[in-house]
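Given next are the chains, with one letter for each unit.
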Amino acid sequence: MTIEQTAGRDQLGAFAPMFAELNDDVLFGRVWNDETLPAKTRSMLTVTTLVAKGLVDQSFQYHIVAAKDNGITAEEMAALLTHVAFYAGWPNAWAAFRIAKEVYGS
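Residues numbered from 1 in each chain as written. Predicted model: local features only at pLDDT ≥ 70, side-chain atom pairs only at ≥ 80, totals over all residues. Heavy atoms only, no water.

Trainee: What exactly am I supposed to notice about the environment of Ala 95 here?
Mentor: Summarising the element assignment, Ala 95 is placed in helix H6 (residues 90-104). The exposure class of Ala 95 is buried, given its relative accessible area of 18%. Counting along the chain gives 51 residues from Ala 95 to Met 44, while the straight-line C-alpha distance between them is 17 Å. (Helix = DSSP H or I, 4+ residues; strand = E, 2+ residues; numbered from the N terminus. Buried < 20%, exposed > 50% of the residue type's maximum accessible area, 1.4 Å probe, protein only.)

Trainee: Looking at this structure, I do not really get the pattern of salt bridges. What am I missing?
Mentor: Any two side chains of opposite charge can pair, on the condition that their charged atoms come close. Inspection of every chain in the model, using the stated rule, returns three salt bridges. Close ionic contact of Asp 24 with Arg 9 constitutes a salt bridge, the shortest N to O distance being 3.4 Å. Within this pair, whereas Asp 24 is found in helix H2 (residues 17-31), its partner Arg 9 is found in helix H1 (residues 7-12), the two being separated by 15 residues in sequence. Two residues, Lys 40 and Glu 76, come together in a salt bridge whose shortest N-O distance is 3.0 Å. Here Glu 76 lies in helix H5 (residues 74-88) and Lys 40 lies in helix H3 (residues 39-53), a separation of 36 residues in the sequence. The partly exposed category is assigned to Lys 40, whose relative accessible area is 27%. By relative accessible area, Glu 76 is classed as partly exposed at 27%. Salt bridges sharing common partners tie together Arg 9, Asp 24 and Asp 25. (Salt bridge = Lys/Arg side-chain N within 4 Å of Asp/Glu carboxyl O.)

Below is the structure:
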């Protein structure tokens, strides 16, 4: 599955064209589509990193949806967030669980 992203250009293209290009063409175009790591693994890494940084916002919700689309089951997401809670912080995990629960409909 090839990931195509236009969010950078759609939201910031006129204001920050270089950032938009890097977001869409490099991060999502090249990095996410590099076959060295499966998309499921990339999603696990991304979710873990965002929780660790406490960045549980609208972009985090996008990545939870992407994780689900990339094959991470509700059971796997719950296990991932439980594991991360011990290293990234309990409050961060609680915030992440609220969003994950919405996305997975549990």
